[in-house]
Amino acid sequence: MARFREIIARYPEDKKKSALIPVLHLAQEEWHWLDVPTMDYVASLLGLSPIEVYEVASFYTMFHLKPIGKYVLEICHTGPCMLRGSDQLMDHVKNRLGIEAGQTTADGMFTLKPAECLGACGYAPMMQLGKFYQENLTPEKMDRILDELRAGTLQTA
Ligand code: FES
């Protein structure tokens, strides 16, 4: 609640809705994903109707509306990344983890998601992993990243 109060203090009293995205980020940090009761709680905190929160949370791919793995691999598949092999990279990860896009591994470690352009086209192909970008990816580099995540040696937050 202290962090919530710090966020809403940045906005005028009658413009609390402007705090919705940072508050959703905070809620997701706290509960890892956004279920309906969580979104309803956010709505009540900001004095919004639940539908206003659902609309925003379901529009942006960075908000997770289903349970997710410990690590979310968000592989960009927009034009520049596609031209530099993101499809092959996605296939490689699917084979390696035994899941399809949108699924989570049985051990709860990894969720695989396609993402739209993340603004790092010059480093294509790339993915978002937690708070960091992983760039100039190859299947070999992706294997190293997955190994390091399993070993707990790669910082993502
Ligand atoms: S197309 Fe992948 S970061 Fe822009």
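Residues numbered from 1 in each chain as written. Predicted model: local features only at pLDDT ≥ 70, side-chain atom pairs only at ≥ 80, totals over all residues. Heavy atoms only, no water.

Draft legend 1. Just the pairing of strand β1 (residues 71-76), in detail. Here β1 lies mainly inside the structure; 6 of its 6 residues are buried. The two faces of β1 match: Tyr71, Leu73 and Ile75 on one face and Val72, Glu74 and Cys76 on the other face are all buried. When β1 meets strand β2 (residues 110-115), the two strands line up parallel, connected through 6 bridges. Within β2, the residue paired with Ile75 across the bridge is Pro114. Pairing of β1 with strand β3 (residues 127-129) involves 3 bridges; the strand directions are antiparallel. Paired with Leu73 across the two strands is Leu129, which belongs to β3. (Buried < 20%, exposed > 50% of the residue type's maximum accessible area, 1.4 Å probe, protein only. Helix = DSSP H or I, 4+ residues; strand = E, 2+ residues; numbered from the N terminus. Pairing = 2+ DSSP bridges.)

Draft legend 2. A look at the packing of aromatic side chains. The tally for this structure, following the rule as stated, stands at 4 aromatic pairs. Aromatic pair Trp31 and Tyr41: ring centres 6.3 Å apart, planes at 80 degrees, arrangement edge-to-face. Of this pair, Trp31 sits in helix α2 (residues 20-31) while Tyr41 sits in helix α3 (residues 36-46), and the two are 10 residues apart along the sequence. Ring pairs connect the aromatic residues Phe59, Tyr60 and Phe63, which therefore count as one cluster. (Phe/Tyr/Trp six-rings, centres within 6.5 Å; stacked < 30°, edge-to-face > 60°.)

Draft legend 3. Focus on the sheet that holds β1. Spatial strand order, β2-β1-β3-β4: 4 strands in an open sheet with mixed pairing. A strand with exactly one partner marks an edge of an open sheet, and here the two such strands are β2 and β4 (132-134). Recorded for the sheet is a direction-independent mean angle of 25 degrees between the axes of neighbouring strands. Against the sheet, helix α6 (residues 86-97) contacts β1 and β2, and its axis sits at roughly 155 degrees relative to β1. (Axes fitted to C-alpha atoms, helices over the stretch in contact; angles between N-to-C directions. Contact = heavy atoms within 4.5 Å.)

Draft legend 4. A look at unusual backbone geometry. A cis amide bond, omega -10 degrees, links Ala124 with the succeeding residue Pro125. Following the sequence through the fold, Pro125 ends up in the loop between β2 and β3. Although it is not a glycine, His32 adopts a positive phi angle of roughly 75 degrees. A positive phi angle, close to 50 degrees, is found at Asn136, a residue other than glycine.

Draft legend 5. Representation of the packing of α3 against helix α4 (residues 50-59) in the model. Taken N-terminus to C-terminus, the directions of α3 and α4 make an angle of 120 degrees; their axes are 8 Å apart at the nearest point. Between α3 and α4, the crossing angle belongs to the class labelled oblique. By crossing handedness, the relation of α3 to α4 is classed as right-handed. Counted together, Val36, Met39, Asp40, Val42 and Ala43 of α3 and Pro50, Val53, Tyr54 and Ala57 of α4 form the full contact between these two elements. Split into classes, the residues belonging to the contact of α3 with α4 amount to 8 nonpolar, no polar and 1 charged. (Parallel < 35°, antiparallel > 145°, perpendicular 65-115°, else oblique. Left-handed = near helix turned anticlockwise from the far one by under 90°. Nonpolar A, V, L, I, M, F, W, Y, C, P; charged D, E, K, R; others polar.)

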